[in-house]
Amino acid sequence: MDRGVTKSRDGDYQIAISDISKAIELDPKDSSNFRMRAWTNLYLGNYEAVYADAAMALKLNGLKDHGSYSVLSGYIALQKAGKAESARTFLNNWMKGADKSTWPTSIMRYLGGQLTSSELLNAATDTGDLTEAYTFMGEMALIHGEVSTAKRHFQWVRNNGIKTSVQYPLAVTELKKLSEPTGTIITFGGP
């Protein structure tokens, strides 16, 4: 999987997915492979694949070992696939067992409407947390059709974020999509 992670960080997402898929064939019980493939598919906009991998990672290992990040990718994927109610149910079911004192749970609470963006930013303790916070704030702005706000959040990540964070390429990819020539229609889920 190491090569898959490297390829994903380099922006070679298709090669990364292929490499991570090979790692899954070799060790189908390693939840981290499913989690990484979910994130890489999220960069590509393959929302059904994201949710399937996130759900498998959670089935294998629950919220242990960064499992909360599977919840986060699965939630965003469902939202962008136009399945808002399924996204809320998925998030709420996993939030019940989440440790409220951890950073990823703060993001989950933000996505679930339990924290404002200001409260989320105040909960961040370092630039890594801020990278994640601004990425998810941007995603939520996109989901709600607030394109200029989304761009501002993704620009923060591009300019200030931790490049090794799995959220960094998501923010940069979204920013590129938003910067496409006028006339390009960006939709998430619906007709």
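As the structure is a prediction and not an experimental result, all values here were calculated from the model. Once a new chain begins, its residue numbering starts again from 1 and follows that chain's sequence as written. Note on the predicted model: pLDDT of at least 70 is required for a residue's local features to be given, and 80 or more for side-chain atom pairs to be given and counted; whole-chain, interface and lining totals, by contrast, use all residues. Excluding hydrogens and water, the side-chain figures rest on all heavy atoms present in the structure.

Asks: Go over the overall build of the chain, please, and point to the residues and values.
Replies: Numbering of helices and strands runs from the N terminus; a helix is a DSSP stretch of H or I covering at least four residues, while a strand is a stretch of E covering at least two. Across its full length, the chain carries 11 helices and zero strands. Taken from the N to the C terminus, the helices and strands of the chain come in the order α-α-α-α-α-α-α-α-α-α-α. Exposure classes here rest on a 1.4 Å probe applied to the protein chains alone. A residue is buried below 20% of its type maximum, exposed above 50%, and partly exposed in between. Here the chain holds 191 residues, and 48% of them are scored as buried. Any two residues having at least one pair of non-hydrogen atoms within 4.5 Å are treated as being in contact. Sequence separation of 24 or more characterises 52% of the internal contacts of the chain that already satisfy a separation of 6 or more. For the chain, the computed accessible surface area is about 9,300 Å², with 50% contributed by carbon and sulfur atoms. In these tables, accessible area is a Shrake-Rupley quantity obtained with a 1.4 Å probe, and a residue counts as shielded only by the protein chains included in the view.

Asks: Any chance you could break down the packing of helix α4 (residues 47–61) against helix α5 (residues 68–80) for me, citing the residues and the numbers?
Replies: Relative to each other, α4 and α5 sit at 150°, their axes nearing to 8 Å. Classified by the interaxial angle, the pair formed by α4 and α5 is roughly antiparallel. Two packed elements cross with a definite hand, and for α4 against α5 that hand is left-handed. Here α4 contributes Tyr47, Val50, Tyr51, Ala54, Ala57 and Leu58 to the contact with α5, which in turn contributes Ser70, Val71, Ser73, Gly74, Ala77, Leu78 and Lys80. For the contact of α4 with α5, the per-class residue count stands at nine nonpolar, three polar and one charged. Fitted lines through C-alpha atoms give the axes, limited to the stretch in contact for helices. The angle between two N-to-C directions lies from 0 to 180 degrees. In what follows, roughly perpendicular refers to angles from 65 to 115 degrees, roughly parallel to angles under 35, roughly antiparallel to angles over 145, and oblique to any angle outside these ranges. Each helix crossing is assigned a hand: it is left-handed if the near helix lies turned anticlockwise from the far helix by less than a right angle, otherwise right-handed if that turn is clockwise. In this classification, Asp, Glu, Lys and Arg are treated as charged, Ala, Val, Leu, Ile, Met, Phe, Trp, Tyr, Cys and Pro as nonpolar, and every other residue, Gly included, as polar.

Asks: Residue-level account of helix α9 (residues 127–143), with values.
Replies: Owing to its 3.6 residues per turn, the α-helix aligns residues three or four sequence positions apart on the same side. One less than the number of residues in a helix, times 1.5 Å, gives the span that helix is expected to have. Across its 17 residues, α9 extends 24 Å between first and last C-alpha, which sits within 8% of the 24 Å expected from 1.5 Å per residue. Counting buried positions over the 17 residues of α9 gives 13, a clear majority of the element. Residues adjacent in sequence count toward polar contacts only when both atoms are side-chain atoms; beyond that, a polar contact is any pair of N or O atoms within 3.5 Å, and within protein one must be able to donate a hydrogen and the other to accept it. With a side-chain oxygen lying 3.1 Å from the backbone nitrogen of Gly128, the N-terminal cap of α9 falls on Asp126.

Asks: Give me unusual backbone geometry: which residues, what numbers.
Replies: Of note in the backbone geometry, Asp65 takes a positive phi value of approximately 50° without being a glycine. With a phi angle near 70°, His66 is a residue other than glycine that sits in the positive phi range. The exposure class of His66 is exposed, given its relative accessible area of 55%.

Asks: Describe the pattern of salt bridges, listing the residues and the values that go with them.
Replies: Oppositely charged side chains may form a pair once their charged atoms are brought near each other. Whenever a carboxyl oxygen of Asp or Glu lies within 4 Å of a side-chain nitrogen of Lys or Arg, that contact is scored as a salt bridge. On inspection of all chains with the given rule, the structure shows six salt bridges. A salt bridge links Lys83 to Glu48; the shortest N-O distance between them is 2.9 Å. Here the residue Lys83 occupies a position in the loop between α5 and α6 (84–95), and Glu48 occupies one in helix α4, the gap between them amounting to 35 residues. Take Lys83: its relative accessible area is 33%, and that puts it in the partly exposed class. Taking relative accessible area as the criterion, Glu48 reaches 48% and is therefore assigned partly exposed. Here Glu174 ties to Lys80 by a salt bridge, and the two come within 2.0 Å at their closest N and O atoms. Of this pair, Glu174 sits in helix α11 (residues 167–178) while Lys80 sits in helix α5; the two residues are 94 residues apart in sequence, bridging distant segments of the chain. Across the pair, Lys80 and Glu174 agree in class, each one buried. Beyond isolated ion pairs, a larger network of salt bridges with shared partners links Lys80, Glu139, Glu174 and Lys177.

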